[in-house]
Amino acid sequence: MTTTLDLSQRPNLPQGPKSLAGMPLPVLKAELEAMGLDAKKASMRAKQISRWSQYFGATGFEDMTDIGKDLRAELAQRFTLARPEIADHQVSKDGTQKWLARFAPGVEGESVYIPGVGMSGGALCVSSQVGCTLNCTFCHTGTQALVRNLTAQEITAQVMIARDALGEWPSSTEDRRLTNIVFMGMGEPLYNLDNVAAAIDTICDGDGISIGRRRVTVSTAGVAPKLQELGERTNAMLAISLHATNDDLRNELVPINRKYDLKTLFEAIRAYPGSGNSRRVTFEYVMLKGINDTPAEARDLVRLLRGVPAKINLIPFNPWPGSPYECSDWETIEAFAEIVNQAGYASPIRTPRGRDIAAACGQLRSDSVKKSAAEKRREALAAAEAAPGA
Ligand code: SAH
C-alpha cells in the first residue's frame with residue numbers, strides 16, 4: 001500500500017512553536033481552550049497573557065508572576081512571544097525608520113515610523129497586505145501582485161516591532177514617541193477588513209498598546225461599500241486616496257474608480273459614521289506633474305469636497321524606479337495649496353520623509369513574490385524530505 005502525502009494542503013510548513021505576541025484576544029482564548037483550559041479560565045488567562053505581551057512587551061513567559069508555574073512551563077513548551085523575523089531595518093537621516101518583517105517564508109511586508117507628525121510623537125505606517133490587487137498607476141506596491149492578506153496578529157506585530165526599537169514598553173501615556181497608527185503601507189485595508197478590525201481592537205486595547213481610536217487612520221483607495229462597516233467596527237479615522245477630481249482621470253490613476261465612481265464614493269464618505277468637524281475625513285492627493293495639478297483642478301477639488309468635513313494632504317509624488325510620472329514643481333504645488341487653503345481647508349503639503357531609505361509614500365514594495373502552486377509544491381516537497389523521519 002502506498003500513502004500519498006497531499007502537499008498542496010500544507011503550503012506553510014510548521015516553523016516552530018506559534019507566537020502569541022499581538023494575537024487578538026478571542027484567538028488567544030481559543031488557543032488556551034485547545035490546551036484544555038475551560039472557557040472561563042481561558043478568558044482570564046488570555047487577558048493576563050495579552051497584558052504581559054502588549055502592555056509590558058514581554059518576550060517570555062517566565063516573568064508572568066500572576067500565572068502559576070506549571071501553566072507557565074506548559075505555555076513555554078507550546079508557544080513563544082517572538083516577533084516576526086526582521087529581514088531589514090533602516091534608519092534615515094531624518095529619524096524615519098523602516099522595517100521589512102518576514103511573516104513567513106516569501107511573505108514580507110514593510111512598516112515605516114515617521115517621527116514628529118503634527119503635534120504628536122510620531123506615526124507608524126503599517127501594511128495590511130503583502131502586495132496589492134489595485135494597480136494604482138503611481139504606486140510602487142501596485143506593481144506587485146497580491147501575495148496575501150496579513151493576519152490581525154501580523155498587523156499588530158508591526159506595531160510591537162516599532163515599539164521594541166523605540167524602547168516604549170511598558171505602555172505609558174506620557175511622552176510617547178509612537179502615538180498614531182496609519183494604515184497607509186502596503187495593501188488595501190478594506191479588502192482585509194476582518195483582520196484590520198481585529199488588529200485595531202488589539203492596538204487600541206487600554207490594557208495593552210493602548211492607542212486611542214482617534215489616533216488610528218485607515219486609508220482606502222475607495223472601496224465605497226465597505227466604509228460604513230469600517231466606521232461601525234473600528235471607529236477609526238478615515239482617509240481617502242482621491243488624487244483626481246473627475247471620473248475620467250481617476251479611472252486611470254486609481255482604477256478601482258471604474259467600480260465605485262466619485263458619486264458612489266462620496267455618498268459613502270458623507271455617511272461615514274461619526275464624521276464631523278472634530279473628526280474630519282483626510283483626502284490624500286498626490287501631485288503629479290502635468291496630470292492633476294492645475295489651479296482649475298484645485299478649484300474642482302474644493303467644489304467636490306463642499307459639505308464634507310475634510311482635511312487635504314497634498315503629497316509630492318515620490319518616484320520609484322521605472323515610475324511613469326514626475327512630481328509637480330514646488331511652485332505648482334504651492335499654488336494648488338493656496339487655492340485649497342483660501343477655501344478654508346487645512347492642506348499641509350506632506351514633506352517627503354525617509355527618502356534616503358525609500359520609505360516615502362508609495363515607495364514600499366517588498367521582494368515578496370506570489371508563488372505559483374508548482375513552486376509551493378516543490379518547496380513543500382523539499383521541506384518534507386528534509387524533515388526528520390520523513
Ligand atoms: N490602499 C490604501 C493605502 C495604501 S497607499 C490607499 O490607497 O489609500 C497610502 C497612500 O500613499 C495613498 O494615498 C497612496 O495614494 C499614496 N501613494 C502611493 N504611491 C505614491 C507615490 N509614489 N508617491 C506619493 N504617494 C503615493
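**Re the overall build of the protein**
Along the backbone of the protein there are 11 helices and 13 strands. Sequence separation of at least 24 residues holds for 66% of the intrachain contacts in the protein that already meet a minimum separation of 6. For the protein, the accessible area works out to roughly 18,000 Å², and carbon and sulfur atoms hold 51% of it.

**Structural notes on empty space enclosed by the protein**
Across all of its chains, the model carries 1 cavity of 30 Å³ or more by this definition. Roughly 40 Å³ of internal volume is contained in the largest cavity. Taken together, Ala236, Met237, Leu238, Tyr272, Pro273, Gly274, Ser275, Arg279, Arg280 and Val281 form the lining of the largest cavity. Taken together, the residues of the lining of the largest cavity break down into 6 nonpolar, 2 polar and 2 charged.

**Quick word on the packing of aromatic side chains**
In total, this model carries 5 aromatic pairs according to the counting rule given. For the ring pair Phe266 and Phe283, a centre distance of 5.7 Å and an interplane angle of 0° mean the geometry is stacked. Residue Phe266 is found in helix α8 (residues 262-270), and its partner Phe283 is found in strand β12 (residues 281-287); the two are separated by 17 residues along the sequence. Given a relative accessible area of 5%, Phe266 falls into the buried group.

**Here's the deal with the pattern of salt bridges**
Considering all chains together, one arrives at 16 salt bridges under this definition. Between Arg303 and Asp300 there is a salt bridge; the shortest N-O distance is 2.6 Å. Pair noted here: Arg303 and Asp300 are both in helix α9 (residues 295-304), with a separation of 3 residues, about one helical turn. Among the charged side chains, a salt-bridge network with shared partners connects Asp194, Lys226, Glu229 and Arg233.

**Digging into the side chain of Thr234**
When you line up the elements, Thr234 lands in helix α6 (residues 227-234). Judged by its relative accessible area of 1%, Thr234 is buried.

**Considering the side chain of Glu110**
Relative to the assigned elements, Glu110 resides in strand β5 (residues 107-115). You can call Glu110 buried: its relative accessible area is 7%. A polar atom in the side chain of Glu110 sits 3.4 Å from the side chain of Lys98.

**Details of the site of the ligand**
Every one of the 22 residues lining the ligand counts as a neighbour, but Ser219, Ser241, His243, Glu284 and Asn318 are closest to it. Within the complex, 96% of the 550 Å² of free accessible area of the ligand lies under protein. Secondary structure elements with two or more residues in the shell around the ligand: β10 (216-220), β12 and β13 (310-316). Looking at the shell around the ligand residue by residue, the class counts come to 12 nonpolar, 8 polar and 2 charged.

**Things to note about helix α10 (residues 330-342)**
The terminal C-alpha atoms of α10, which comprises 13 residues, lie 18 Å apart, in line with the 18 Å expected from a rise of 1.5 Å per residue. Those residues of α10 that fall on the buried side of the exposure criterion are Ile333, Phe336, Ala337 and Val340. For α10, the angular spread of the buried residues around the axis is 100°, confining them to a single face. Exposed side chains of α10 directed beyond 90 degrees from the buried face belong to Glu331 and Gln342. The positive-phi residue at the C-terminal boundary of α10 is Gly344, with phi of around 100°.

The rules behind the values
- Residues numbered from 1 in each chain as written.
- Predicted model: local features only at pLDDT ≥ 70, side-chain atom pairs only at ≥ 80, totals over all residues.
- Heavy atoms only, no water.
- Helix = DSSP H or I, 4+ residues; strand = E, 2+ residues; numbered from the N terminus.
- Contact = heavy atoms within 4.5 Å.
- Areas by Shrake-Rupley, 256 points an atom, 1.4 Å probe, with all protein chains shown as cover.
- 1 Å grid on protein atoms, 1.4 Å probe; cavity = no way out; pocket = protein on both sides within 12 Å on 5 of 7 lines; lining within 4 Å.
- Points joined across faces, edges and corners; volume = space filled by probe spheres on them.
- Nonpolar A, V, L, I, M, F, W, Y, C, P; charged D, E, K, R; others polar.
- Phe/Tyr/Trp six-rings, centres within 6.5 Å; stacked < 30°, edge-to-face > 60°.
- Buried < 20%, exposed > 50% of the residue type's maximum accessible area, 1.4 Å probe, protein only.
- Salt bridge = Lys/Arg side-chain N within 4 Å of Asp/Glu carboxyl O.
- Polar contact = N/O pair within 3.5 Å; in protein donor to acceptor, adjacent residues only side chain to side chain.
- Near = heavy atom within 4 Å.
- Expected span 1.5 Å × (residues − 1).
- Arc of directions from axis to C-beta.

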